[in-house]
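The lines below spell out each chain.
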Amino acid sequence: MKKGVLGILSVCAGAAAGAMAVGGVLKGRIKEIQDKSDKHLSLFLMMNQWVMVKQAGKSLAEYFEWEGYRQIAVYGMHYAGETLIEELAGSNIEVKYGIDRNSYQIYAGIPIVMPDSDLEKVDAVVVTSIHFFEEIKELLNTKIDCPIISLEEIIYQM
């Protein structure tokens, strides 16, 4: 009888431990999915605002000219970075280079460097990775002496 009770308690304890382990894994996965969802929502809202800015007849080139930024670097060469470079093509604003952790995988028609590289002097660095802006700004402040600005802030100011 003792062996039977001990066996049942062992099975119950094992099931409880297994449920806790699975719960922990699921909790971590849910947080990861929620973070990714938040990141994509922020990007969508910014891109939507950008469309409204364009529909109002405004351009980012005008903003950079107004601020006196003639040569810029773009941090983050995914959707927003590619769109920014495309918008500035043919304007008076020169995108000297892009900055991205995956520089070896990207072709953008401009030089792409790693964030830990020596960064060439520019008038400003525009960060398109809006979800990680503060961390990126902190890193870049140790690498280059110019304004480091968020694309999101620019678009919502216009």
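Numbering of residues starts from 1 in every chain and runs along the sequence as written. With pLDDT at 70 or above as the cut-off, local features in this predicted model cover only qualifying residues; side-chain atom pairs require 80 or more to be listed or tallied, and sums for whole chains, interfaces and linings still use all residues. The basis for every side-chain value is the complete set of non-hydrogen atoms in the structure, without hydrogens or water.

**Re a negative patch on the surface**
Patches in this entry comprise residues that are over 30% relatively accessible and not in a salt bridge; like charges within 9 Å are linked, as are nonpolar side chains (Val, Leu, Ile, Met, Phe, Trp, Tyr) within 5 Å. The accessible surface values rely on the Shrake-Rupley method and a 1.4 Å probe; as for residues, cover is taken only from the protein chains in view. Every case where a carboxyl oxygen of Asp or Glu lies within 4 Å of a side-chain nitrogen of Lys or Arg is listed as a salt bridge. His is not counted, nor are the chain ends, whereas Lys and Arg count as positive and Asp and Glu as negative. Charge coordinates come from a single atom per side chain, which is NZ of Lys, CZ of Arg, CG of Asp or CD of Glu. Taken together, the side chains of Glu134, Glu135, Glu138 and Glu153 present a region of like negative charge at the surface. Considering each element in turn, the negative patch owes the most residues, three residues, to helix α4 (residues 133–141). Helical segments are the DSSP runs of H or I of at least four residues, strand segments are the runs of E of at least two, and each set is numbered from the N terminus. Topologically, Glu138 is positioned in helix α4.

**Section: the packing of aromatic side chains**
Whether two aromatic rings pair depends on their centres lying within 6.5 Å, for rings of Phe, Tyr and Trp, where Trp uses its six-membered ring; planes under 30 degrees apart make the pair stacked, over 60 edge-to-face, and the rest tilted. For the coordinates displayed, the defined rule picks out one aromatic pair. Between Tyr63 and Phe64 the ring centres are 5.5 Å apart and the planes differ by 75°, which places this aromatic pair in the edge-to-face class. Exposed residues in this analysis have more than 50% of their type's maximum accessible area, buried residues have under 20%, and partly exposed residues fall in between, with area computed by a 1.4 Å probe over protein chains only. Residue Phe64 is classed as buried on the basis of its relative accessible area of 0%.

**A closer look at the pairing of strand β1 (residues 71–75)**
Summarising burial for β1: four of the five residues are buried, a large majority. In terms of strand pairing, β1 meets strand β2 (residues 94–99) through five bridges, oriented parallel. Residue Ile72 lies in a different strand from β2, and its bridge partner there is Val95. We call a crossover right-handed when, viewed with the strands running away from us, the connection from the first strand over the helix to the second turns clockwise. As a crossover connection, the stretch from β1 through helix α3 (residues 79–88) into β2 is right-handed. Pairing between two strands is assigned when DSSP locates at least 2 bridges connecting them.

**Overview of helix α2 (residues 60–67)**
Residues of α2 that are buried: Leu60, Ala61, Tyr63 and Phe64. Viewed along the axis of α2, the buried residues span an arc of 160°, placing them on a single side of the element. Once α2 finishes, Gly68 follows within two positions and takes phi at roughly 85°, a positive value. Here, the arc refers to the directions that run from the helix axis to the C-beta atoms.

**As for the side chain of Ser150**
Mapped onto the elements of the fold, Ser150 is located in strand β5 (residues 148–150). Given the relative accessible area of 2%, Ser150 is considered buried. In the analysis that follows, any N or O atom pair within 3.5 Å is treated as a polar contact, provided that within protein one partner can donate a hydrogen and the other can accept it, and provided that, for residues neighboring in sequence, both atoms belong to side chains. Here Glu152 takes part through its backbone nitrogen, which lies 3.2 Å from a polar atom of the side chain of Ser150. The contact rule is simple, with two residues in contact once any of their heavy atoms fall within 4.5 Å. Not counting residues within four places of it along the chain, the set of residues in contact with Ser150 comprises Val127, Ile130 and Phe133.

**Re the sheet that holds β2**
Reading across the sheet, the five strands line up as β3-β2-β1-β4-β5 and stay open at both edges, with parallel pairing between neighbours. Each edge of the open sheet carries a strand with a single partner, namely β3 (112–113) and β5. Pairing between β1 and strand β4 (residues 124–127): four bridges, direction parallel. The residue of β4 that forms the bridge with Ile72 is Ala124.

**Thoughts on the pattern of salt bridges**
It is possible for side chains of opposite charge to pair when their charged atoms get near one another. With the rule as written, the count across this model stands at two salt bridges. A salt bridge links Lys54 to Glu87; the nearest nitrogen and oxygen atoms lie 3.8 Å apart. On the criterion of sequence distance, the pair formed by Lys54 in helix α1 (residues 2–55) and Glu87 in helix α3 is long-range, its members being 33 residues apart. Of the residues examined, Lys54 reaches a relative accessible area of 42% and is grouped as partly exposed. The class of Glu87 is buried, set by a relative accessible area of 18%. The shortest N-O distance in the salt bridge between Glu120 and Lys96 comes to 2.6 Å. With Glu120 in the loop between β3 and β4 and Lys96 in strand β2, this residue pair connects regions lying 24 residues apart in the sequence. For Glu120, a relative accessible area of 45% puts it in the partly exposed group.

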